[in-house]
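# Working through the structure, step by step
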Amino acid sequence: MKKFRKVLDGLSSSSPGGVASPSCGSAAGTPTAHAPTPLDIHVQETLVSENFHLCKTVRHGFPYQPTCLAFDPVQKILAIGSRTGGIRILGRPGVDCYSQHESGAAVLQLQFLINEGALVTACADDTLHLWNLRQRRPAILHSLKFNRERITFCHLPFQSKWLYVGTERGNTHIVNIESFVLSGYVIMWNKAIELATKTHPGPVVHLSDSPKDEGKLLIGFESGTVVQWDLRAKKVDFRIYYDEAIHSVSWHHEGKQFMCSHSDGSLTVWNLRNTSRPIQVTYPHGKILKDGRKESCKPILKVEYKTSRNSSEPFIIFSGGLSYDKAGGRRPTLTIMHGKAITVLEMDHPIVEFLVLCDTPYSNEVQDPYAVVVLLEKDFIVVDLTQSNFPIFENPYPMDIHESPVTCTAYFAQCPPDIIPILYSIGAKQKKTGYSHKEWPVSGGTWTLGSQTYPEIIVTGHADGTVKFWDASAITLQMLYKLKTSKVFEKPKAGEGRTTEVLDEDPYAVQMVSWCPHSRLFCVVGISAHVILYRFSKHDANTQIASLEVRLQFDSDDAVSPSENENNPCFSDPSSHSPLQPGSPGSATPDSVPGLRVKSRALRMPPGYQAELVVQLVCPPQQITSLDINSAYGLLAFGNCNGVAVVDYLQKTILMCVSTLDLYGAADPYQRLTRSPRRNRQSTSGLTELSDNQVSIDMERTKSPTSAESRENSFSRSRSSSVSSIDRDTKEAVTTLQFGESYGRKGEPLPSACLWVGTSLGVVLLLPISIPAEDEDRMEEPVTIGPSSTVLMLKGSVLRFAFLDCGGALIQSPYEVWRDPNGPEDPDRTRRRKLVNFSPWPSHEAGVDGHMAVVCSEKQAKVMLMPSQTVLFAHNVTESSFILRADVVSVCSSVCLACFCANGHVMTLSLPSLRPLMDINYLPLTDMRIARTFVFTNGGQALYLSSPTEIQRITYSQEMADNLQDMLGELFTPIETPEAQNKGFLKGFFGGNAQPFDREELFGEAAAGKASRSLAQHIPGPMGLENMKAAAGGVVGDLARARIALDQRGERLGELEERTALMMNSAEIFSTHAHQVMLKHKDKKWYQL
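Residues numbered from 1 in each chain as written. Predicted model: local features only at pLDDT ≥ 70, side-chain atom pairs only at ≥ 80, totals over all residues. Heavy atoms only, no water.

### Notes on the overall build of the protein
Rules: Working definition: helices are DSSP H or I runs of at least four residues, strands are E runs of at least two. Numbering for both runs from the N terminus. Classification of residues uses two cut-offs on accessible area relative to the type maximum, computed with a 1.4 Å probe and protein chains only: under 20% is buried, over 50% is exposed, and between them is partly exposed. Only heavy atoms enter the contact rule, under which two residues are in contact if any of them lie within 4.5 Å. Residue exposure ignores everything except the shown protein chains as possible cover, and the areas themselves are Shrake-Rupley values with a 1.4 Å probe.
Looking only at helices and strands, the protein has 13 helices and 62 strands in total. Here the protein, with 1089 residues, has 55% of them falling under the buried criterion. Considering only contacts within the protein whose residues lie at least 6 apart along the sequence, 62% involve residues at least 24 apart. For the protein, the accessible area works out to roughly 48,100 Å², and carbon and sulfur atoms hold 51% of it.

In structure tokens:
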């Protein structure tokens, strides 16, 4: 206590001016000149480096650039491979796992080891990988790299440990899944085809074992050749030659015939009794023309041939095959043929792959399909086959994040607990109908709500003007509410009010959002330089949207010298309750028209967020670079490359609209060149009286950057920290704004409402605001804004403000408690605004008043004590790079400064001493999408858009990283494998069952020998498949598997006992009948028989 009083006594003797040099305090904890030392600041910092650890938590959204699909029919989990080497494994809601191949090679094919908790991936770098799924984060157990041949197709029979691998050369190799080594057994292409054939059959495009006999392998070559290879005899059973290239093959479950899809849009059915020609050739979407020619059709890329118990007619499902001549031939389609009924499902995106889900994992049983999983380039749907109209299932995963490209993100942790239920109840009315009533078929895995959960909401802004609210609690993601900002505007006519091509494409694109969960006030900034203010209501309303036009584009002819501006200060009249008059800098002139027109009629607004006010910058609009809103003050502030504007949204008036240069007053730290005197422009009457900070209104017009540049470089600012390198006449952008309770003047005794302004040149300015104290006067009395003062200078653009009390705790911005604007009013009670204030009043414990301000720029971070404006701590965060995002967040019951740099480093600094706690080279800046969407939040979490379709969440908290395993879902659950159906006594007796097939006897090293070492290289993993179950399953898994095995053994023993009893009974009956026959014919002669 005494030390802190001594510090405060010495603050009054600090250097005047309040402007700190950018070079002060380069090291963390280094005191600045004439400032108290860090040891004198009585703040107990609890955070240490051990509190931080950076790792990925979960990825949401649609897999970017998908390539393949696989499904485990017993575990009921689904895997999707991507072109970038990623794997997404999905189960029931909450079971969502992302894994990545280190090579980054595209995943060509996926094969589940059904009900074994393992997955085989074949990648474009000709490598096979075996993944262990019996742990919450899958890991690679083995890898096999092919050196001389390229992998084209893989097939793993059910309950087999031998994987068939087809190659581009037409050869078929066999891999042991347990050891992940090649067998010496190889099916060479020249042995599969006839010796008389002179041409190569092409790559292997299909491999499958016969449902009738596992010892027969069907090999399909791209050229149209199909061969059935007898694995035991090592010879060909039959060869099929067809003129058209083959894309896929599908067996009938009886194993007597199969179907092929071809490049000319035809389907052929082949019977094993006569393979000389197909028994059926159909063109499902092709017709015979008048001249006898057939319509040219697109290739059928895949066909599935499935039988059903409930119908004698099979399901034939295929993609493609439409006629080129048809109007709808350009759209991708999925066709479902069931008997004479043909249903064509048109898709919005090209089909990557589809799978038919069946009840049984056995290929020789009636398949009985119940759903079709369709993987599109930008979507993922599941079709219900059990209903005649084939409805789709409602997707429980957040696969529509990219429905319109994401342009900005916001992340809110530890929200009020009532906000998620109310948003969900409103958003439930927006959901589409017509979905299948059955449960989602991908229902594998287990997931439970973690112990450390709190309300989290992610807000995404999109290119079409929509804003989506997502429930992100407990590392899941669920859609809550969708807001369409385009409904505020009239539909633009062609070529009307447009200035750039980009605005023509996405005129409503959301550039940034500001949301107060407590007051439920929401603000959206659009790319057309407009700001929309929304209020939340549970009731619908019919109201008209208020509109204001602001001009933050200043003409060079309007610039005046300081000598001529004595009576023309820069602040507008706060008593005016209407938009500024024409001719003033904040109003639109007749030749200035906003890019979009706000609807002028009264609109019916449904429950949810309802637009109240639209503020537009008139043409030529410069994109808005900063925004802040405060519900307690009733004020909205925004800035761009020209200046800053403050709007009173309660009174619907513009309080201030000035250029950035005018904010400095006479104390411009850069001493810009004096301009020649110009004529005075007519100013707004009734201006606020200013002190010695008066300065001329700078209205020099700057060239408008192209929309493409401004979109890509919305976060690229001046990187120069040298004043000499600054163009003296360029405009200084306002990069960040923050309302809060502070001290508007140096040495002021009491705090008041203030607006903190940060610019692209690293200057921090402070504007005091006078707001009527009484609720009744707030709507009548004017809000006045005092003259600004420069309080600090930093290197690089200012990014973030935050305020700490003298004990080091974070001071929240004041807010208004939410009340429904359209709710029923009580006539006996007046509707008063209920405000929650966090003013930095004197601390009785510390015996001091004032607070600390944390300011972070692209290069530096500084902590300043208010109201003395003395810099206590300064730290040069980065020298070689620059900070893209900085936030003051709460972690482990304390606060820290979190930064993300363009060189990929994620750093945290303690507060207030700015001591480095963590610096990890995590993610290099590959494109502006990451910079535009990276955001930190409380609880040690952050997120960014890892691809155009996916959100990646990370944590930098050691506590959350330790608890992450409990929060993730289990991919594998012990499930009993269903038994194969009995085929009946007669069918088995008369040769229906094939002879036993022992693959180990054929493919093992003893029989087939070793494969060539130069053909493939084995890369062992940390453990083999034989140890996988015991090592990854744990005690609980072992007990469960032992119990299931015991049950299976008991059931089999019971069945054996029943069969033994039946055999004994049959034997007794047979003995009785034989004895009766013997007695009947005992005394008869042979000629009497």
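### Quick word on the sheet that holds strand β49 (residues 798–804)
Each strand in a sheet pairs with another by means of backbone hydrogen bonds, the pair being arranged parallel or else antiparallel. Basically, it comes down to this: We treat two strands as partners when DSSP finds at least two bridges between them. Under this scheme, a helix contributes an axis fitted over its contacting stretch, all axes are lines through C-alpha atoms, and angles between N-to-C directions fall in the 0 to 180 degree range.
In space, the four strands of this open sheet follow the order β49-β52-β53-β54, with antiparallel pairing throughout. Both edges of this open sheet fall to β49 and β54 (870–876), since each of them pairs with a single strand only. On average, adjacent strands in this sheet sit at an angle of 15° to one another, irrespective of strand direction. Bridge analysis of strand β53 (residues 860–866) against β54 gives six bridges, and the strand direction is antiparallel.

### Some remarks on the sheet that holds strand β16 (residues 225–230)
The antiparallel open sheet is built from four strands, whose spatial order is β14-β15-β16-β17. The sheet is open, and its two borders are formed by β14 (204–209) and β17 (235–241), each paired with just one other strand. Neighbouring strand axes in the sheet, compared pairwise and without regard to direction, differ in orientation by 15° on average. Alignment of β16 against β17, held across six bridges, turns out to be antiparallel.

### Comments concerning the packing of aromatic side chains
Keep this limit in mind: Centre distance within 6.5 Å is the pairing criterion for rings of Phe, Tyr and Trp, where only the six-membered ring of Trp is used; planes under 30 degrees apart are then read as stacked, over 60 as edge-to-face, and the remainder as tilted. Consider the ring centre and the ring normal. A charge sits over the ring if Lys NZ or Arg CZ is within 6 Å of that centre and within 35 degrees of that normal.
For the structure on display, the rule yields 28 aromatic pairs. Here the aromatic rings of Y397 and W440 are separated by 5.6 Å at their centres, their planes lie at 90°, and the arrangement is edge-to-face. You can see Y397 sitting in the loop between β28 (380–384) and β29 (406–413) and its partner W440 sitting in the loop between α3 (419–427) and β30 (456–462), a full 43 residues away along the chain. Positioned above the aromatic ring of F972 is the side chain of R134, whose terminal nitrogen or guanidinium carbon lies 4.0 Å from the ring centre. The ring of W818 carries the charged tip of R520 above its face, separated from the ring centre by 4.0 Å.

### Quick look at the pairing of strand β61 (residues 950–957)
With respect to burial, β61 is a largely interior element, eight of its eight residues being buried. Of the two faces of β61, the one lined by E950, Q952, I954 and Y956 and the one lined by I951, R953, T955 and S957 are each fully buried. Here seven bridges tie strand β1 (residues 52–61) to β61, and the two strands are oriented antiparallel to one another. Pairing of V58 across the sheet is with R953, part of β61. Both strand β60 (residues 941–947) and β61 contribute to a ladder of six bridges, which runs antiparallel. If you follow A942 over to β61, its bridge partner there is I954. In this structure, the hairpin formed by β60 and β61 is closed by a connection of two residues.

### Here's the deal with the pattern of salt bridges
Opposite charge on two side chains lets them pair, provided their charged atoms get close. What counts, and what does not: Salt bridge criterion: a side-chain nitrogen from Lys or Arg within 4 Å of a carboxyl oxygen from Asp or Glu.
The tally for this structure, following the rule as stated, stands at 32 salt bridges. The partner of D96 in a salt bridge is R88, with the nearest N and O atoms 2.9 Å apart. Residue D96 shares its accessibility class with R88, and that shared class is buried. A salt bridge links R885 to D887; its shortest N-O distance comes to 2.8 Å. The exposure class of R885 is partly exposed, given its relative accessible area of 22%. Salt bridges here are not isolated pairs; linked through shared partners, they connect R59, R88, D96 and E950.

### Structural notes on α3
The following threshold applies: An arc is given here, and it is the one of the directions from the helix axis to the C-beta atoms.
Residues of α3 that are buried include every one of I419, I420, I422, L423, I426 and G427, and no others. Each buried residue of α3 sits inside an arc of 165° when the element is viewed along its axis, so together they form one side. Buried residues along α3 sit against β30, β31 (466–471), β32 (478–484), β33 (510–516), β35 (530–537) and β39 (608–617).

### Some remarks on the nonpolar core
What counts here: In this text, buried Ala, Val, Leu, Ile, Met, Phe, Trp, Tyr and Cys residues form a nonpolar core when linked through side-chain atoms within 4.5 Å.
I457, V459, F469, F522 and Y609 are the most contacted members of the largest nonpolar core, which totals 35 residues. In this view, Y609 contacts L423, F469, Y481, L483, W515, R520, F522, Y534, R535 and F536; residues no more than four positions away in its chain are not counted.

### Here's the deal with unusual backbone geometry
Residue P867 is reached from M866 by a cis peptide bond, and omega for that bond is 10°. Here P867 lies in the loop between β53 and β54. A cis amide bond, omega 5°, links L911 with the succeeding residue P912. One can find P912 in the loop between β57 (905–910) and β58 (916–921).

### Examining helix α9 (residues 958–967)
Just so we agree on the cut-off: Two N or O atoms count as a polar contact when they lie within 3.5 Å, although within protein this holds only if one can serve as hydrogen donor and the other as acceptor, and sequence-adjacent residues are included solely when both atoms are side-chain atoms.
For α9, every residue scored as buried is listed here: M960, A961, L964 and M967. For α9, the angular spread of buried residues about the axis comes to 105°, placing them on one side. In α9, the exposed residues that point more than 90 degrees away from the buried face are D962 and D966. With a side-chain oxygen lying 3.3 Å from the backbone nitrogen of E959, the N-terminal cap of α9 falls on S957.

### A short note on a negative patch on the surface
Under the convention used in this document: Candidate patch residues must exceed 30% relative accessible area and have no salt bridge, after which like charges are joined if within 9 Å and Val, Leu, Ile, Met, Phe, Trp or Tyr side chains if within 5 Å. The charge count includes Lys and Arg as positive and Asp and Glu as negative, but it does not include His or the ends of the chains. For this purpose, a charge sits on NZ of Lys, CZ of Arg, CG of Asp or CD of Glu.
There is a patch of like negative charges on the surface, built from E774, D777, E780 and E781. When you line up the elements, D777 lands in helix α7 (residues 775–778).

### Side note on the environment of S250
With respect to the element layout, S250 can be found in strand β18 (residues 246–251). Note on S250: relative accessible area 6%, which makes it buried. The contact partners of S250, leaving out residues within four places of it in the chain, are F258, M259, V303, E304 and Y305. Polar side-chain contacts of S250 include one of 2.9 Å to the backbone nitrogen of Y305.

### A closer look at the side chain of N271
The topology assignment puts N271 in strand β20 (residues 267–271). When neighbours within four sequence positions are excluded, N271 is seen to be in contact with K256, Q257 and I279.

### Side note on the pairing of strand β42 (residues 643–648)
Regular strands place their side chains on alternate faces of the sheet. Among the six residues in β42, six count as buried, and that is most of the element. Alternating residues of β42 divide into G643, A645 and V647 and V644, V646 and D648, and every residue in both groups is buried. In terms of strand pairing, strand β41 (residues 635–639) meets β42 through five bridges, oriented antiparallel. Across the sheet, residue A637 finds its bridge partner in β42, namely V646. Relative to strand β43 (residues 653–659), β42 runs antiparallel, the two being bridged by six bridges. The residue bridging D648 from the neighbouring strand is T653, located in β43. Here β42 folds back onto β43 in antiparallel fashion, the turn holding four residues, of which K652 has a positive phi close to 60°.

### Some points on the environment of L655
As for its position among the elements, L655 is in strand β43. Residue class for L655 comes out buried when judged on its relative accessible area of 3%. Measuring from C-alpha to C-alpha, the distance between L655 and I785 comes to 7.6 Å, with 130 residues separating the pair along the chain.

### What to know about the confidence of the model for the protein
Our working rule: pLDDT measures how confident the predictor is about each residue, on a scale from 0 to 100.
Of the residues in the protein, 78% reach a pLDDT of 70 or more, and the chain-wide mean stands at 81. In the predicted structure, residues 841–847 sits below a pLDDT of 50 and forms seven contacts with residues beyond four places in sequence or in another chain.

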